[in-house]
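# Tertiary structure, described
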Amino acid sequence: MFFNRLLGFLGKDLAMDLGTANTLLYTPKQGIVLNEPSVVAYETPSNRIIAVGASAKELVGRTPGNIVTVRPMKDGVIADFDVTKAMISYFIHKVITGLKFVKPRMVICVPTGITAVEKRAVIESGLDAGAREVLMIEEPMAAAIGAGCPIHEPTGTMVVDIGGGTSEVAVISMGAIAYAESVRAAGDWMNATVQRFFQERHQLFISENMAEAVKIGIGSAYPLPEPLKMNVPGKDVIGGGPKSVVSTDEEIRQALQEPVKTIVRAVRKALEKTPPELVVDVARNGILLAGGGALLKGLDQLIQRNTNIRVNVDDDPLTTVVRGTGRSLEDMQRYKNVYIN
Ligand code: ADP
Ligand code: MG
């Protein structure tokens, strides 16, 4: 086991998807070696970190006053530089135990339209966390590679990556991004609309984590073949005591309308802005859905109905981007042109 690890890291390459919701690490020999929420819990005023990743996410909404949980990537880019650095460094050291003298080369994927300052922050966090070199790849490109799309060919591929903070819509052709736009309509907003829905409709306060569980459990963007129900516990708005209500897919579909509509609108706008030749290609190849939001039930059907284009959800949309980023490392010769400066 240890020797496998050791050999894996003698390859000295590490791919990272530093997402607003989840961070994933991939090494060419082992594949995905880490997949954890991008959450950090620290104590104030000492700023001592007490939990990172899955164990920090469990603390969200449960911490006493002197403990704070943060999502340092919340708005799609690095929102809190120091905490992001600490988080990256924690994750890297979690997977490269015992071999700190061989510094890895890292590829980190970044949103399209990232500013020069933000790029510098990403590079610096990687270097500070122990990388010897940091390369960057744009997320939609990584998603397309991860899903096995023919990115180098002169044919248009449309990628819709629905993450926690943002959804990115991009059209790729001949190894470059021909169109990209990002909207702040993704998983976090969906959770917030579910939370608000329970408060207004059922006079029930629910936590962010509970709202997410409801979305994943019975949320949908399009009527389902079978109705779904879920018991949702929380706190009574009136009086503050414990209370629970039974909710349905129909209710949650209604709650999710605004963010879902915004995503569909972004896809339609991308098609409007894309030249005819590429739209013909996209129609032939289908639209690729990736990111955790791609798992929202019926979202593929809704987009398909609104565009008249077939929609393909990647097999494992939560890992598409990191697998593509890792793939680029495994075949540097083929993919060297996809890195950005
Ligand atoms: P990021 O790249 O921003 O870290 P991810 O691609 O990891 O985001 O996706 C995380 C988002 O996907 C979260 O908002 C999460 O709630 C959502 N998600 C995960 N699984 C599902 C599901 N089955 N249905 C709907 N949304 C989901
Ligand atoms: Mg992502």
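Residues numbered from 1 in each chain as written. Chains lettered and ligands numbered in written order. Predicted model: local features only at pLDDT ≥ 70, side-chain atom pairs only at ≥ 80, totals over all residues. Heavy atoms only, no water.

Naming follows an unreviewed UniProt entry, where the protein chain appears as Cell shape-determining protein MreB of Megalodesulfovibrio gigas. Under the UniProt heading Subcellular location (unreviewed entry), the entry covering the protein chain gives this text: "Cytoplasm". In the Subunit (unreviewed entry) part of its UniProt record, the protein chain is described as follows: "Forms polymers." (UniProt positions renumbered as here; feature names shortened; annotations may be inferred.)

### Focus: the site of ligand 1
Around ligand 1, a shell composed of 16 residues is seen, among which Thr-20, Ala-21, Asn-22, Glu-212 and Lys-215 lie nearest. Take Gly-164: an N or O atom from its main chain is 2.8 Å from an oxygen atom of ligand 1. Side-chain polar atom of Glu-212 to an oxygen atom of ligand 1: 2.4 Å apart, as the coordinates give it. Protein chains bury 89% of the 580 Å² of accessible surface belonging to ligand 1 in isolation. Most atoms of ligand 1, that is more than half of them, are within 2 Å of grid points of the largest pocket. With three residues, the single largest contributor to the shell around ligand 1 is helix α7 (residues 208–218). (Near = heavy atom within 4 Å. Polar contact = N/O pair within 3.5 Å; in protein donor to acceptor, adjacent residues only side chain to side chain. Areas by Shrake-Rupley, 256 points an atom, 1.4 Å probe, with all protein chains shown as cover. 1 Å grid on protein atoms, 1.4 Å probe; cavity = no way out; pocket = protein on both sides within 12 Å on 5 of 7 lines; lining within 4 Å. Sits in = over half its atoms within 2 Å of the grid points. Helix = DSSP H or I, 4+ residues; strand = E, 2+ residues; numbered from the N terminus.)

### Structural notes on the pairing of strand β3 (residues 31–37)
Across six bridges, strand β2 (residues 22–27) lies against β3 in antiparallel orientation. Counted as the bridge partner of Thr-27 is Gly-31 from β3. In this antiparallel pair of consecutive strands, β2 and β3, the connection spans three residues. (Pairing = 2+ DSSP bridges.)

### Comments concerning the domain arrangement of the protein chain
Interfaces are often sized by the accessible area lost when the parts come together. Taken domain by domain, the protein chain comprises domain 1 (154–185 + 258–317) and domain 2 (187–255). The C-alpha-based centres of domain 1 and domain 2 are spaced at 27 Å. Facing 17 residues of domain 1, the contacting portion of domain 2 comprises 16 residues. Between domain 1 and domain 2, roughly 1,300 Å² of surface is buried when both sides are summed, and carbon and sulfur atoms account for 66% of that area. Contact with domain 2 buries area across many residues of domain 1, yet Pro-259, Leu-296 and Lys-297 alone supply 42% of it, more than any other trio. If you look at where domain 1 meets domain 2, you find zero salt bridges. Breaking the side of domain 1 that touches domain 2 down by element, the ones donating at least two residues are α9 (257–273) and α11 (299–307). Looking at the side of domain 1 that touches domain 2 element by element, the count peaks at five residues for α9. (Domains from an automatic or database assignment. Contact = heavy atoms within 4.5 Å. Buried area = accessible area lost by both parts, 1.4 Å probe. Salt bridge = Lys/Arg side-chain N within 4 Å of Asp/Glu carboxyl O.)

### Things to note about the nonpolar core
Formed by 43 residues in total, the largest nonpolar core has its most connected members in Met-158, Phe-198 and Ile-287. Ranked by the residues each element gives to this core, the list is headed by α9, at seven residues. Each of domain 1 (154–185 + 258–317) and domain 2 (187–255) accounts for three or more of the residues forming this core. (Core = buried A, V, L, I, M, F, W, Y, C linked by side-chain atoms within 4.5 Å. Buried < 20%, exposed > 50% of the residue type's maximum accessible area, 1.4 Å probe, protein only.)

### Re the sheet that holds strand β9 (residues 157–162)
Spatially, the five strands line up as an open sheet ordered β11-β10-β9-β15-β16, and their pairing is mixed. Two strands in the sheet have a free side with no partner beyond their single neighbour: β11 (176–183) and β16 (311–313). Averaged over all pairs of adjacent strands, the angle between their axes in this sheet comes to 20°, without regard to strand direction. Bridge count for β9 against strand β10 (residues 167–173) is six bridges, and the pairing is antiparallel. Bridge pairing in β10 links Ile-162 to Ser-167. Relative to the sheet, helix α5 (residues 139–146) contacts β9, β10, β11 and β15 (287–290), its axis offset from that of β10 by approximately 65°. (Axes fitted to C-alpha atoms, helices over the stretch in contact; angles between N-to-C directions.)

### What about the packing of aromatic side chains?
Scanning the model with the defined rule gives two aromatic pairs in all. Both rings, one in Phe-197 and one in Phe-198, keep their centres 5.9 Å apart while their planes meet at 85°; by these two values the pair is edge-to-face. (Phe/Tyr/Trp six-rings, centres within 6.5 Å; stacked < 30°, edge-to-face > 60°.)

### A few points about the pairing of β9
Burial analysis of β9 places six of its six residues in the buried class, the great majority of the element. Linking two consecutive strands that pair antiparallel, namely β9 and β10, is a turn of four residues. As paired strands, β9 and β15 are joined by four bridges and run parallel to one another. If you follow Met-158 over to β15, its bridge partner there is Ile-287.

### Digging into the environment of Gly-286
You can see Gly-286 is positioned in the loop between α10 (276–285) and β15. By relative accessible area, Gly-286 is classed as buried at 4%. In contact with Gly-286, not counting residues within four places along its chain, are Met-158, Ile-309, Arg-310 and Asn-312.

### Some words on α10
Buried within α10 we find Leu-278, Asp-281 and Val-282. Buried residues in α10, looked at end-on, bunch into an arc of 100°, giving them a common side. Exposed side chains of α10 directed beyond 90 degrees from the buried face belong to Pro-276 and Arg-284. Considering only its buried residues, α10 is in contact with β9, β10, β11, α9 and β15. In the stretch just after α10, Gly-286 is the one whose phi turns positive, near 85°. (Arc of directions from axis to C-beta.)

### Looking at the state of the cysteines
Enumeration over the complete set of coordinates arrives at zero disulfides. Cys-149 supplies the cysteine sulfur nearest to Cys-109, a cysteine that is in no disulfide, at a spacing of 16 Å. For Cys-109, a relative accessible area of 3% gives the class buried. (Disulfide = S-S within 2.5 Å.)

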